Amino acid sequence: MKQIKVLAQFYVDLLVKLGIVRFSLLLALALVALAVVVQVGVTLVLQGEVLNIDIVRSVFFGLLITPWAVYFLSVVVDQLEDSRQRLSKLVTKLEEMRSRDMQLNKQLQENITQLNQEIEERKKAEEAREEAMLDLENEVYQRENAQLELAEQSALLKSFLDASPDLIYYRNEKGQFSGCNRAMEELTNRTEKQLVGLTPWDVYSEDIARKIVETDQQVFNQNVSLTYEQWLEYPDGRKAVFELRKVPFYSREGRRLGLMGFGRDITERKQYQDAQEKASRDKTAFISTISHELRTPLNGIVGLSRMLLETRLNQEQRGYMRTIYVSAITLGNIFNDIIDMDKSDRRRLELLPKPLDFSEFVEEMGNISGLMAEQKGLRFDLEQLTDLPACIETDGTRLRQVLWNLISNATKFTKEGGVVLSISSEVIDEQAHITFEVEDSGIGIPSDELDKIFAMYYQVKDDSDNLHAVGTGIGLAVSRQLVQMMGGDITVSSEVGEGSTFTVTICAPLVEKREPEESLPAPSPMSLNIFMVEDIELNITVAKALLESLGHEVTIAMRGDEALEKFNPDDYDLVLLDIQLPDMSGFDIARQLRERYDHLPALVALTANVIKDKEEYLEKGMDDALSKPLSVKAITSVIERLVLTCPLDEDEEETEDEVASDNPTQLSDEKITQLLDLEMLSSYVEIVGTQPVYDSIAMFEQKMLEYIEILDSNMTARDQDGIKFEAHKIKGAAGSIGLKHIQQVAQKAQSPELPAWWENISDWVDEIKDDYQNDLKVLKGWLARQEK
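Treat the numbers as computed from the prediction; the structure is a model and nothing was measured. Just so you know, the residues in each chain are numbered from 1, in the order the chain's sequence is written. In keeping with the predicted nature of the model, local features appear solely for residues at pLDDT of at least 70, side-chain atom pairs appear and are counted solely at 80 or more, and the whole-chain, interface and lining totals rest on all residues. The basis for the side-chain values is all heavy atoms of the structure; hydrogens and waters are excluded.

This next bit is on the overall build of the chain. Secondary structure elements are defined from DSSP: runs of H or I of at least 4 residues count as helices, runs of E of at least 2 residues count as strands, and each element is numbered from the N terminus. From N to C terminus, the chain includes 24 helices and 19 strands. Here, residues are in contact when the closest pair of their heavy atoms is within 4.5 Å. Considering only residue pairs separated by 6 or more positions, the chain has 61% of its internal contacts joining residues 24 or more positions apart. Areas reported here follow the Shrake-Rupley algorithm with a probe of radius 1.4 Å; residue values treat only the protein chains shown as occluding. Taken as a whole, the chain presents about 46,900 Å² of accessible surface, with 53% of it coming from carbon and sulfur.

Set out below in structure tokens:
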């Protein structure tokens, strides 16, 4: 079989190699030869001889079967070739399949390996899952505990909120209640569940709801907290005022959810404030009455001592009388300070620098101090350690107040020995640096008290000697403030049982000494008939003597009804009206006189109080106002201005009234320079004119209301940064329109690093609030003069 396959393969290969034609010829020759051989062989076997015909038959037979053999073999070969080709393709496919099988097998091996790995990983993941499940179970357990704890805390917080007497509530963006505490439930007479979803319109009256909704909207629009006061009504009709504070609140993502509200019942505080205000008014009335009663004899001392100084006295008598006069004047200034302190709860200190004869001042201090020491049997020495300036510019009254306070204390706490006042001076750049030392041999001050004695209302006590400081405790505190305003300071050194030494330093410019004025008043160029209404005999005596010495005739009425009965406008050139009378006030008399008569002489008010602004007197019917006791200069100025000057026509009167309204106090150029930055204003007006300044003033007036409101709130909260910030804005605004005085005060208010800043800030803020409008009037008056 194998040989046949080999032979067949040889046959096929030969056919392919020779081609069909040559293979057919070769096959024909082979068949013919085979037929001849076979024929010859058979014939020889059978016949024993071979004939030519046999050979021909053999050739013919071979040629006859050759085509069939060729066709048959060709068909066989073709089939075999086709079979071979199909087999070859099949083998190729089998090879490809085998190759793919090998790849698949290889991939299968890889997949098996990967599957094994995945199985391992799944085993590990399963283990991790089991661990995670354990962790999850633990976390669930912890969360359950946390939820329980949170629920307990929420219950505790709810209990805490419910226990609070303050209102606590929260509303969403739509203004609907989302929750509240028990105090809110009591106020609205609704439970928290009933309140949820309701708006203020559903809970409160229309007026209350309107304000609540408006303030809610302010919180939402401006996204800031808001605090205000509002009256609310309980279900039983009881009303209470609450201080309400509303703040926006947010989610963790920063999305605003609504607002939270807190309300504190301040009804008792309001009631206390009202009671306190009433007590303050009662106190003010009491102090005003007492001050008036005390001023009456004091004015007599001032007036009579002044009149005695104008008589013939020897040198010693004149010195004593001058001391009495100066002491009474200083006591009057102390009354003024007490009134100022009553008005602002704390003293507003200010200096009025004037030329001071320093030699005469030192002599007066020596006289009064010697008398004070002599009364206690003590020695007093006045030592001038250096040459002293002849004349300086300072507030002599305030300086006397400081030194007398120190000398009085030294005398009070010294049992034996004496008091020494040492004075030295050094001139640097036309400035006198003066040092006063008040040394005593008294009880001394403990070292741990030295830093406290300058605090307001602080008193040093010495229980061992049963000796203690009496009085209000304001002397040293006020004295230090005064001295610091004079460019100096007060220091103290002391040793218990050995005495104390207070050192005062001031800085004052040197000025030329003025010639003394005539001691006797010059008679008036014309004699006037003056009608005076006064109920105190002593005041009448002093004022009448002064006016008659000036050459005037004086008619007296001691009651309001008497004055109205005796008065005839054609008989008098000037009317002086005391403000406080037994039956009516001077304002009542002025009002009735103006109702009765069309033409009146000038009406001038007489008051024992300090006159800081005459506008109030002018509004109540007076033409001017004078402080008692009367001075020659003051009464002469009033007579010259109101009586001796020629009357103006209507247009001129109107213009003068306008100027007076702009500058009611008729300030001097020196005072205007203290209030306004004239250098800046002059250059500015010269460039742009006055109208831009007026525009800036209008804007300043509008902004100051806002600044002061914010400043007051910061003062109430004692917010140092807020006070500093608002004072800085006020300083800038005041400086932009040339209000130098306000700018300087605001500069101090914005400087917390200054000594005793907290102690003085209230005074500075009050000074800004009280003085800026007056300074604006001065500025407007100055601008009006620039336009002429």
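A word on the packing of aromatic side chains. Any pair of aromatic rings gets described here by the distance separating the centres and the angle formed by the planes. Aromatic contacts are taken between Phe, Tyr and Trp rings whose centres are within 6.5 Å, Trp giving its six-membered ring; a plane angle under 30 degrees counts as stacked, one over 60 as edge-to-face, and the others as tilted. A complete count under the given rule lists eleven aromatic pairs for this structure. Relative to F361, the ring of F358 lies with its centre 5.9 Å away and its plane at 20 degrees, an arrangement referred to as stacked. Taken as a pair, F358 and F361 lie in helix α10 (residues 358-375) at a separation of three residues, close to a single helical turn. Note on exposure labels: buried denotes an accessible area under 20% of the residue type's maximum, exposed denotes more than 50%, and partly exposed covers the range between, all computed with a 1.4 Å probe on protein chains only. Note on F358: relative accessible area 0%, which makes it buried. By relative accessible area, which is 1% here, F361 ends up buried. One aromatic cluster is present, formed by F531, F567, Y572 and Y597 through successive ring pairs.

On to the sheet that holds strand β1 (residues 167-172). DSSP bridges decide pairing: two strands pair if at least two such bridges lie between them. Strand order in the open sheet made by the five strands is β2-β1-β5-β4-β3, with antiparallel pairing throughout. The open sheet has two free edges, formed respectively by β2 (177-180) and β3 (226-233), since each of these has just one partner strand. Here the strands of the sheet are splayed against their neighbours by 25 degrees on average, with no regard to which way each runs. Two strands pair when backbone bridges link them, and β3 and strand β4 (residues 239-250) are joined in this way by eight bridges, in the antiparallel orientation. The residue of β4 that forms the bridge with L232 is A240. Angles here are taken between N-to-C directions and fall from 0 to 180 degrees, while the axes themselves are lines fitted to C-alpha atoms, restricted in helices to the stretch in contact.

Another point: the pairing of strand β14 (residues 499-509). In terms of burial, β14 is largely enclosed, as eight of its eleven residues are buried. Across seven bridges, the pairing between strand β13 (residues 489-495) and β14 is antiparallel. Across the sheet, residue S494 finds its bridge partner in β14, namely S500. Between the antiparallel neighbours β13 and β14 lie three residues, among them G497 with a positive phi of about 85 degrees.

Once that is clear, we can look at the sheet that holds strand β19 (residues 624-627). Strand pairs in the sheet, formed through backbone hydrogen bonds, run parallel or antiparallel to each other. Here five strands make up an open sheet; going across it, the order is β16-β15-β17-β18-β19 and the pairing parallel. Two strands bound the open sheet, and with one partner strand each, they are β16 (553-557) and β19. Neighbour to neighbour, the strand axes of the sheet diverge by 25 degrees on average, direction disregarded. Examined bridge by bridge, strand β17 (residues 574-578) and strand β18 (residues 602-607) share five bridges and lie parallel to one another. Pairing of L574 across the sheet is with A602, part of β18. Helix-sheet contacts for helix α15 (residues 586-596) involve β15 (529-533), β17 and β18, and the interaxial angle to β17 is about 140 degrees.

This part covers unusual backbone geometry. Of note in this structure, N223 is not a glycine but carries a positive phi near 60 degrees. In this fold, N223 is placed in the loop between α7 (206-222) and β3. Notably, D429 is not glycine yet its phi reads approximately 55 degrees, a positive angle. Here D429 falls in the exposed class, since its relative accessible area comes to 70%.

Our focus in this paragraph is the pattern of salt bridges. When the charged atoms of two side chains with opposite charge come close together, those side chains can pair. When a carboxyl oxygen of Asp or Glu is within 4 Å of a side-chain nitrogen of Lys or Arg, the pair counts as a salt bridge. Counted according to the given criterion, the structure contains 23 salt bridges. Among the salt bridges present, the one from D166 reaches R264, with a minimum N-O distance of 2.7 Å. Of this pair, D166 sits in the loop between α3 (52-163) and β1 while R264 sits in strand β5 (residues 256-265), placing them 98 residues apart in sequence. Note on D166: relative accessible area 16%, which makes it buried. E701 is the partner of K780 in a salt bridge, and the nearest nitrogen-oxygen pair spans 3.2 Å. Linking K780 in helix α24 (residues 757-787) with E701 in helix α21 (residues 691-717), this pair joins segments that are 79 residues apart in sequence. Salt bridges linked by common partners bring R171, D216 and K246 together as one network.

Our next topic: the packing of helix α22 (residues 720-736) against helix α23 (residues 740-749). The interhelical angle for the contact between α22 and α23, taken along N-to-C directions, is 160 degrees, at an axis separation of 8 Å. In terms of their interaxial angle, α22 and α23 are classed as roughly antiparallel. The element α22 and its partner α23 pack so that their crossing is left-handed. Only I742, Q743, A746, Q747 and A749 of α23 make contact with α22, whose side of the interface consists of I723, A727, I730, K731, A734 and G735. Each residue is assigned to one class: nonpolar for Ala, Val, Leu, Ile, Met, Phe, Trp, Tyr, Cys and Pro, charged for Asp, Glu, Lys and Arg, and polar for all the others, Gly among them. Per-class residue counts for the contact of α22 with α23 are seven nonpolar, three polar and one charged. Note on terminology: angles under 35 degrees are roughly parallel, angles over 145 are roughly antiparallel, angles of 65 to 115 are roughly perpendicular, and the others are oblique. The handedness criterion is simple: a crossing whose near helix is rotated anticlockwise from the far helix by less than a right angle is left-handed, and one whose near helix is rotated clockwise is right-handed.

Topologically, S422 is positioned in strand β9 (residues 418-428). When residues no more than four places from it in sequence are discounted, the contact partners of S422 are E383, L385, T435, F436 and E437.

Moving on, we come to the side chain of T188. Structurally, T188 is set in helix α4 (residues 182-188). Among the residues examined, T188 registers a relative accessible area of 8% and is labelled buried. Looking at T188, its side chain comes within polar contact range of the main-chain oxygen of M184, at 2.9 Å. Residue contacts for T188: discarding those within four places in its chain leaves L195, V203, Y204 and P235. Polar contacts, as used here, are pairs of N or O atoms within 3.5 Å; protein pairs need one atom able to donate a hydrogen and one able to accept it. Residues neighboring in sequence count only if both atoms are side-chain atoms.

Bringing α22 into the picture now. How far a helix is expected to stretch is found by multiplying one less than its residue total by 1.5 Å. Counted at 1.5 Å a residue, the expected span for α22 with its 17 residues is 24 Å, and the 24 Å between its end C-alpha atoms agrees. Among all positions of α22, only G722, I723, E726, A727, I730, K731, A733 and A734 are buried. Directly beyond the C-terminal end of α22, a positive phi value near 85 degrees is found at G738.

This part takes up a negative patch on the surface. Nonpolar side chains (Val, Leu, Ile, Met, Phe, Trp, Tyr) are joined into patches within 5 Å and like charges within 9 Å, using only residues with over 30% relative accessible area and no salt bridge. Residues scored as positive are Lys and Arg, those scored as negative are Asp and Glu, and His as well as the terminal groups of each chain are ignored. Taken as the charge location is NZ of Lys, CZ of Arg, CG of Asp or CD of Glu. A cluster of acidic residues, E127, E130, E131 and D135, forms a negative patch on the protein surface. If you trace the backbone, E130 turns up in helix α3.

Next up on the list: the packing of α22 against α24. In the contact formed by α22 and α24, the axes pass within 13 Å of each other and the chain directions differ by 40 degrees. Where α22 crosses over α24, the handedness of that crossing is left-handed. Contact with α22, carried on its side by Q720, I723 and I730, involves W757, W758, I761 and I768 of α24 and no other residues of that element. In the contact of α22 with α24, the residues fall into six nonpolar, one polar and no charged.

What is shown is where atoms sit, not what they do.
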